[in-house]
Amino acid sequence: MLGGAVMKAHNPRTGKEDYEFAVAGPEEVQAISARLRGLQPGWEALGPDGRAALLLRWADAMEQAAPAIVTALAQDTGRSTISNIEVQAAVGNIRRWAARGTELIQGLPRGPSPSVTPGIEIETDYSAYPLFGAIAPWNFPVLLSHVDAVPALMAGCAALIKPSEQTPRFVEPMRSVLAAVPELPLAYALGGPETGQSVVDAVDYVCFTGSTGTGRKVAEAAGRRLIPANLELGGKDPMIVTSSAEPEWAAAIALRASIVATGQACQSIERVYVARAIAEPFLAALVELAQGVEFAFPDPEKGTLGPFIVPAQGNTVAAQLAEARGQGARVLTGGEVETLGGGRYLRPTVLVDVTPQMAVMREETFGPVIPVTMFDHIDEAIAAANDTQYGLSAAVLAGDLEEAAAIGARLDAGAISLQDGALTSIVGDATNHSRKASGLGPSRMGDEGLLRFMRRKALIHQKGAAAPLAAFAEEGGA
Ligand code: NAD
């Protein structure tokens, strides 16, 4: 029982535990859930127009409170510019779903329409799962806490969000924003794994974003309760650069897609396969560009690379680099996790002479590390790219889109960026299904992102004569 318990959170820039918050124990999660369930029927009854209007009011209030939310988020993540972009993106996500959700729900086929069974017509009724739950990770705390909750709210659900215990500070200003829309059936429950378990125990539908290991536990708990669980998990995204690609152009894309947010993004490029014919100019450009990247330290407003959000993440990345070096990998630039002002940083790190067995090639790294492997034939590159437990996303850079698309068709992942990298970080309407250990369930992007929260009820009209008992008798009248 965690009631009354408090937890502390690290500051990624100082390494100090400087924030304390109250943990929602099982009883509190139950009480919040009961309150949300009480609000939900009225919310759903507002219809799509009524819900969209209130979601837009929420977006406006968030925009007004953006300075406070960004400040808290910047303390959570150690990032300044990205925190600003993240909050704007979260506001944009609400506005986009308010508009698209209204069109979608109003356009749903309801019937009645004729069945293939003679004399029958079918009408379809839609109703939302009453209580939706989100369990979120620390790498984009605001965005990933709300990415599924917003379409769930638009569909008519109430929403209970459990952010990561590593990044709790943004919740205080977000709770204040809720005062502008008291009708909104939305609440936050802070805490660690036990609070997450209580959320799975309380809701009717859960969306989990986080590591594959925790995802399996959430899926098992949801399975015991027979509630749907959508999982958005880890990745080890490959990028293939063919011999027809322009090397400097490809290097700039590979660098950006690997190091944005210090590589702490699920769709970061974590392995690069480059055609041997262009490997030399590609690597030269990659190293030169990598060496031009500055830390966002001491001024968080200047420079590109912020600290690792979670101290342990720096250790994981350092251990992968040490293992790779020990097995013969060469570091062309970067390579040392540094401690500055109490925070932990890593310069963009380019590795060559890596082997498929190294952890840096098999396990999620979640850091600004770019292991580069050369290939002679495209079949080799495709086989190596697909040789992973993950299937989140991938990227192909070639001389033209047609060549890139032909390779993309052979990659075993849910979303493929062609002639760019990590496009799912900026494109919200590309329906895709994460493969293998990267996820489970319908797409969070595109219209499916909302429609998954609406249950269908079939109202089956008998327009002809009701079938007599004799119609069901076995042949021969047994
Ligand atoms: P994590 O799995 O450690 O934690 C995620 C959340 O689950 C946290 O809120 C945590 O408190 C909660 N949790 C932990 N144990 C639980 C349990 N037994 N039951 C219920 N909830 C529990 O992940 P993280 O370290 O916070 O995030 C990083 C991971 O997230 C990386 O693997 C990354 O690839 C992944 N990620 C995936 C996507 C995607 O869309 N596929 C997006 C961002 C991050």
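What counts and what doesn't
- Residues numbered from 1 in each chain as written.
- Predicted model: local features only at pLDDT ≥ 70, side-chain atom pairs only at ≥ 80, totals over all residues.
- Heavy atoms only, no water.
- Helix = DSSP H or I, 4+ residues; strand = E, 2+ residues; numbered from the N terminus.
- Buried < 20%, exposed > 50% of the residue type's maximum accessible area, 1.4 Å probe, protein only.
- Polar contact = N/O pair within 3.5 Å; in protein donor to acceptor, adjacent residues only side chain to side chain.
- Contact = heavy atoms within 4.5 Å.
- Pairing = 2+ DSSP bridges.
- Axes fitted to C-alpha atoms, helices over the stretch in contact; angles between N-to-C directions.
- Salt bridge = Lys/Arg side-chain N within 4 Å of Asp/Glu carboxyl O.
- Expected span 1.5 Å × (residues − 1).
- Arc of directions from axis to C-beta.
- Near = heavy atom within 4 Å.
- Areas by Shrake-Rupley, 256 points an atom, 1.4 Å probe, with all protein chains shown as cover.
- Nonpolar A, V, L, I, M, F, W, Y, C, P; charged D, E, K, R; others polar.

A. Molecular detail of the side chain of Thr-77. Summarising the element assignment, Thr-77 is placed in helix 3 (residues 66-77). A relative accessible area of 0% means that Thr-77 is categorised as buried. Of note is the side chain of Thr-77, whose polar atom sits 3.2 Å from the backbone nitrogen of Arg-79. A polar side-chain atom of Thr-77 sits 3.4 Å from a polar atom in the side chain of Ser-83. Those residues in contact with Thr-77 that lie beyond four places of it in its chain are Pro-12, Ser-83, Trp-138, Pro-141, Pro-307 and Ile-309.

B. Examining the sheet that holds strand 21 (residues 439-440) more closely. Ordered by their spatial adjacency, 6 strands build an open sheet running 7-6-5-8-9-21, and the pairing between neighbours is mixed. Looking at the sheet topology across the chains shown, the edges are occupied by strand 7 (186-188) and strand 21. In this sheet, strand 21 lies alongside strand 9 (residues 229-232) in antiparallel orientation, the contact comprising 2 bridges. Directly across from Glu-232, in strand 21, lies its bridge partner Gly-439. Strand contacts of helix 1 (residues 26-45): strand 5 (131-135), strand 6 (158-162) and strand 7, with the helix running at about 155 degrees to strand 6, the strand carrying the most contacts.

C. Seen up close, unusual backbone geometry. A cis amide bond links Gly-111 with the next residue in sequence, Pro-112, at an omega value of 5 degrees. In this model, Lys-436 sits at a positive phi of 50 degrees, which is unusual for a non-glycine residue. Positionally, Lys-436 belongs in strand 20 (residues 435-436). Of the residues examined, Lys-436 reaches a relative accessible area of 38% and is grouped as partly exposed.

D. Broad picture of the pattern of salt bridges. Considering all chains together, one arrives at 24 salt bridges under this definition. Put simply, Glu-183 and Arg-57 hold a salt bridge, and the shortest N to O gap is 3.6 Å. Of this pair, Glu-183 sits in the loop between helix 7 (171-177) and strand 7 while Arg-57 sits in helix 2 (residues 47-64), and the two are 126 residues apart along the sequence. Via salt bridges that share partners, Asp-18, Asp-76 and Arg-169 belong to a single interconnected network.

E. Local environment of the sheet that holds strand 19 (residues 415-418). Spatial ordering of the open sheet is given by 12-15-16-11-10-18-19, a layout of 7 strands whose pairing is mixed. Since the sheet does not close on itself, it has two edges, and those belong to strand 12 (330-333) and strand 19, each with one partner. Strand-to-strand, the axes of this sheet are offset by a mean angle of 25 degrees, without reference to chain direction. Alignment of strand 11 (residues 269-275) against strand 16 (residues 369-375), held across 4 bridges, turns out to be parallel. The partner of Tyr-273 across the bridge, within strand 16, is Thr-373. Lying on the sheet, helix 12 (residues 311-326) is in contact with strand 12, strand 15 (349-352) and strand 16; it crosses strand 15 at an angle near 30 degrees.

F. Expanded view of helix 3. Here helix 3 is 12 residues long and its end C-alpha atoms lie 16 Å apart, about the 16 Å a rise of 1.5 Å per residue gives. Turning to helix 3, its buried residues are Ala-66, Ile-69, Val-70, Ala-72, Leu-73, Asp-76 and Thr-77. Buried residues of helix 3, viewed axially, fall in a sector of 165 degrees; they line one side. Taken together, the buried residues of helix 3 touch helix 2, helix 4 (81-106), helix 5 (141-146) and helix 7. A positive phi of about 75 degrees marks Gly-78, the residue just after helix 3.

G. Region of the structure containing the site of the ligand. Around the ligand sit 29 residues in total, of which Ala-136, Glu-165, Ser-211, Leu-233 and Glu-364 are the nearest. Arg-444 places a polar side-chain atom, nitrogen or oxygen, 3.3 Å from an oxygen atom of the ligand. Burial of the ligand by the protein amounts to 89% of the accessible area it has alone, namely 850 Å². Across the shell around the ligand, the residue classes tally to 13 nonpolar, 10 polar and 6 charged.

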